[in-house]
Amino acid sequence: VLKEKQKMTSVIDPREPPYSAGVADDLIGLMPPAMPPIALFRVLAHNPRVLSRFRAGRLLDAGTLPVRERELLILRVCRRCGCEYEWAIHAAVFGDAAGLTEADLLATTQPAAADPLSRRERLMLAAADELVADRTLTAVTAMTVKQVLSPAEIVELIAVVGRYIWVSMIANTAALPLETGMRTCSASMN
Amino acid sequence: MLGIDELNRPSAARPDSPRIPPLGPPYAPEAAAALFDIHPRESLRKPLKLFRIMVRNPKLCDPMFAFGRFMLGRNTTTAASYDQRTRELIIGRVTARCGCEYEWGVHLAAYGEQAGITPAQAYSLVHGGGADACWTDEDRVTLRLVDDLHDHGSVSDATWAALCLRFPDTTLIELLVLVGWYHAIAYLANGARVELEQWAHRFPTKQS
C-alpha cells in the first residue's frame, strides 16, 4: 500500500525560492540552524498564513509527555498513515535524542507493538492506532488510558496524533521523496 | 636584475610587461572570426585585451565565449537565471579576492552602475567584506558564498541554508559554477599579465 501511495501524482509541489520575508522567517524558525528548509515546509510555504500557524502549533518543545513517548507516538502515526517521509525524518533527527534504539524503531512499524516497549508505551501506540483508524478510542482502550495517563497527557497524546495525521496528509498528497540521507522504515525491518 | 625572491613571487607582476601580448589588427581570419563573434564590430571600444589574448587560441575561444555568454546573458530562458546584482557582486568579489584588478575594473565599469554597486560597496569588495555597513543581508549571503568557496573550496552549511531561501537548485548550480568561472578568468588575466584597460576602473586605494 505504501509503495502505491509513493507513486501517486503529487497534488502540490514544494515552493521554490525566493520566499517573502515572512515566509523566509517561518522557514528559518522551523529548521535547526544552518539547514535549508525541508520539502514539507516548502509545500506549506504556498500558503504563508497556514505556514505561520503550523510553526506556532509545533509540539516538539518540552511538553507533557516524555520525548521518548512523544517520538514513539509520532513514528507510529506516520507509519499508520503510510508516511515514510516524516517517519524517516523523526527516526533520523529525533531518534537518538529520544533514546530510541533500532528495536524501538522497528517496534513502531510492527502490526502489534510489543517488546521492547513498556506497557505504558504499548498502550499509547494502541491508542494512536485506534485514533488514526477511527478518530476515537474503543471502550477498553479509553478505560485503560484514563487509568494510566493524566488528563494533560491525554490531551497531548491526541494533539500529537492529530498533528502528525495532518503532516502525513501533506507529505503523502505532495508525494514527497525522502529527504537526503534518510533511511526508509522498511530498512529497519530487515 | 630582479632577485630570485622577486622572480618567484607572483605579485612581482610588472603591469607594463604582459606575458602573452594581445593580438592587434590585422587579425588572421580564424582569430577575427572568434574575436568578432564576442566583440561587436560596430563597438566604439577596441576589443578587450583579454579577448585579444584568448584569440591566440581560436579553438578555445568557441567554448569559452559561449560559456561567457551563458553566464552574462540577460535572457533567462537561454542564459543563466540569477539576477544581475548577484552576478556582479560575485564577479566583483571573486576578482577582488584573486587580486585581479583587470577583470574587477572591467566589470565595475561595464556593469557596476546597472547592478547598483555604490562606491562604498566597490571599496568593500576589494578591501572589506560582508561585515561592512554598506551591505544588505542578501548581499552578505552572496559575498559569503564567494568567500567560503575562495577560502575553503566549499560552502558552509550556514551559507548554504541562507542561499536555499533565495535560489532554487537550478540557480544554485549556476552560482557555484559562476564563482569557479571567474576564478578561471582571474587566473588567465593574472597569469598572462594582461594590461589594465584604459577605460576600466582601478582598485580603490586602501584607506588606513
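Higher on the page you've got the structure.
Throughout this document, residue positions are counted from 1 along each chain, in the order its sequence is written. Here the convention is simple: chains get letters from A, ligands get numbers from 1, in the order in which they are written. At least 70 in pLDDT is required for a residue's local features to be given in this predicted model, at least 80 for side-chain atom pairs to be given and counted, and no such filter applies to totals for whole chains, interfaces and linings, which use all residues. Only hydrogens and water are set aside; all other atoms, that is, all heavy atoms of the structure, feed into the side-chain values.

A. Here's a closer look at the overall build of chain A. Secondary structure elements are taken from DSSP: a helix is a run of H or I of four residues or more, a strand is a run of E of two residues or more, and numbering for both begins at the N terminus. For chain A, the count of helices and strands is 10 helices and 0 strands. Reading the helices (α) and strands (β) of chain A from amino to carboxyl end gives α-α-α-α-α-α-α-α-α-α. Put simply, the radius of gyration uses C-alpha atoms, and a globule should come to 2.2 Å times the residue count raised to 0.38. Over its C-alpha trace chain A gives a radius of gyration of 17 Å, about what one expects of a compact globule, namely 16 Å for 190 residues. A buried classification covers 43% of the 190 residues belonging to chain A. Only heavy atoms matter for contacts: two residues are in contact if any of them lie within 4.5 Å across the pair. Put simply, 75% of the contacts in chain A that link residues at least 6 apart link residues at least 24 apart. Entry remark: accessible area of chain A is about 9600 Å², with carbon and sulfur atoms responsible for 60%. Asp and Glu are treated as the negative residues and Lys and Arg as the positive ones, with His and the ends of the chain left uncounted. To locate a charge, take atom NZ for lysine, CZ for arginine, CG for aspartate or CD for glutamate. Counting 21 positive and 21 negative side-chain charges, chain A places the averaged centre of each group 4 Å from the other. Throughout, exposure labels follow a simple rule: accessible area from a 1.4 Å probe, protein chains only, divided by the maximum for the residue type, with under 20% read as buried, over 50% as exposed, and the rest as partly exposed. Shrake-Rupley sampling with a 1.4 Å probe provides the accessible areas, and residues are treated as covered by the protein chains on show and by no other component.

B. Representation of the packing of helix H5 (residues 84–97) of chain B against helix H8 (residues 137–152) of chain B in the model. Residues and elements named next belong to chain B. Only the stretch in contact is used when fitting a helix axis, every axis being a line fitted to C-alpha atoms; angles between N-to-C directions are given from 0 to 180 degrees. Where H5 meets H8, the axes come as close as 9 Å, and the angle between the chain directions of the two elements is 35°. In this structure, H5 meets H8 at a crossing whose hand is right-handed. Here Arg-85, Thr-86, Leu-89, Ile-90, Arg-93, Val-94 and Arg-97 of H5 lie close against H8, whose contacting residues are Asp-139, Thr-142, Leu-143, Leu-145, Val-146, Asp-147, His-150 and Asp-151. A breakdown of the residues in the contact of H5 with H8 according to their chemical character gives 6 nonpolar, 3 polar and 6 charged. Each helix crossing is assigned a hand: it is left-handed if the near helix lies turned anticlockwise from the far helix by less than a right angle, otherwise right-handed if that turn is clockwise. Here the term charged refers only to Asp, Glu, Lys and Arg, the term nonpolar to Ala, Val, Leu, Ile, Met, Phe, Trp, Tyr, Cys and Pro, and the term polar to all other amino acids, Gly among them.

C. Looking closely at the pattern of salt bridges. The salt bridge criterion pairs a side-chain nitrogen of Lys or Arg with a carboxyl oxygen of Asp or Glu, the two atoms within 4 Å. Enumeration over the complete set of coordinates arrives at 18 salt bridges over all chains. Measuring nitrogen to oxygen at the nearest pair gives 2.6 Å for the salt bridge that ties Arg-68 of chain A to Glu-121 of chain A. Here Arg-68 of chain A is found in helix H5 (residues 67–80), whereas its partner Glu-121 of chain A is found in helix H8 (residues 119–134), with 53 residues between them in sequence. Arg-97 of chain B is the salt-bridge partner of Asp-147 of chain B, the closest N and O atoms lying 3.0 Å from each other. With Asp-147 of chain B in helix H8 and Arg-97 of chain B in helix H5, this residue pair connects regions lying 50 residues apart in the sequence.

D. Inspection of the packing of aromatic side chains at higher detail. The aromatic pairing rule takes the rings of Phe, Tyr and Trp, using the six-membered ring of Trp, and pairs them if the centres are within 6.5 Å, calling planes under 30 degrees apart stacked, those over 60 edge-to-face and the rest tilted. Under the definition given, this model contains 6 aromatic pairs over all chains. Consider the rings of Phe-41 of chain A and Phe-54 of chain A, whose centres lie 5.8 Å apart with planes at 55°: the pair is tilted. Placement of the pair is Phe-41 of chain A in helix H3 (residues 39–44) and Phe-54 of chain A in helix H4 (residues 48–56), with a sequence separation of 13 residues. The pair formed by Phe-41 of chain A and Phe-54 of chain A is uniform in burial state, with each residue classed as buried. Between Phe-67 of chain B and Trp-181 of chain B the ring centres are 4.6 Å apart and the planes differ by 65°, which places this aromatic pair in the edge-to-face class. Separated by 114 residues along the polypeptide, Phe-67 of chain B in helix H4 (residues 58–72) and Trp-181 of chain B in helix H10 (residues 169–192) bring together distant segments of the chain. Among the aromatic residues, those joined into a cluster by ring pairs are Phe-41, Phe-54 and Trp-166 of chain A.

E. Spatial organisation of the side chain of Glu-156 of chain A. With respect to the helices, strands and loops of the structure, Glu-156 of chain A is situated in helix H10 (residues 151–173). For Glu-156 of chain A, the residues in contact, after removing those within four places along its chain, are Leu-59, Gly-63, Thr-64 and Leu-65 of chain A.

F. Spotlight on H5 of chain A. All names here are of chain A. Multiplying 1.5 Å by the residue count of a helix minus one yields the expected span of that helix. Here H5 spans 20 Å end to end across 14 residues, near enough to the 20 Å set by a 1.5 Å rise per residue. Buried residues dominate H5, accounting for 10 of its 14 residues. Among all positions in H5, only Glu-69, Arg-70, Glu-71, Leu-72, Leu-73, Ile-74, Leu-75, Arg-76, Val-77 and Cys-78 are buried. The inward-facing, buried residues of H5 abut helix H6 (84–93), helix H7 (102–107), H8 and H10. Gly-82, located one to two residues past H5, shows a positive phi value of around 65°.

G. Spotlight on the interface of chain B and chain A. Contacts between chain B and chain A engage 10 residues on the former and 11 residues on the latter. The term buried area refers to how much accessible surface (probe radius 1.4 Å) is lost by two components on association, counted for both of them together. The junction of chain B with chain A conceals about 700 Å² of combined surface from both sides, 77% of it contributed by carbon and sulfur atoms. Where chain B packs against chain A, one counts 0 salt bridges. Broken down by element, the residue count for the side of chain B that touches chain A peaks at 5 residues, all from helix H9 (residues 157–164) of chain B. Residues belonging to the side of chain B that touches chain A are distributed by class as follows: 7 nonpolar, no polar and 3 charged.

Any functional reading would require information that these geometric values do not contain.
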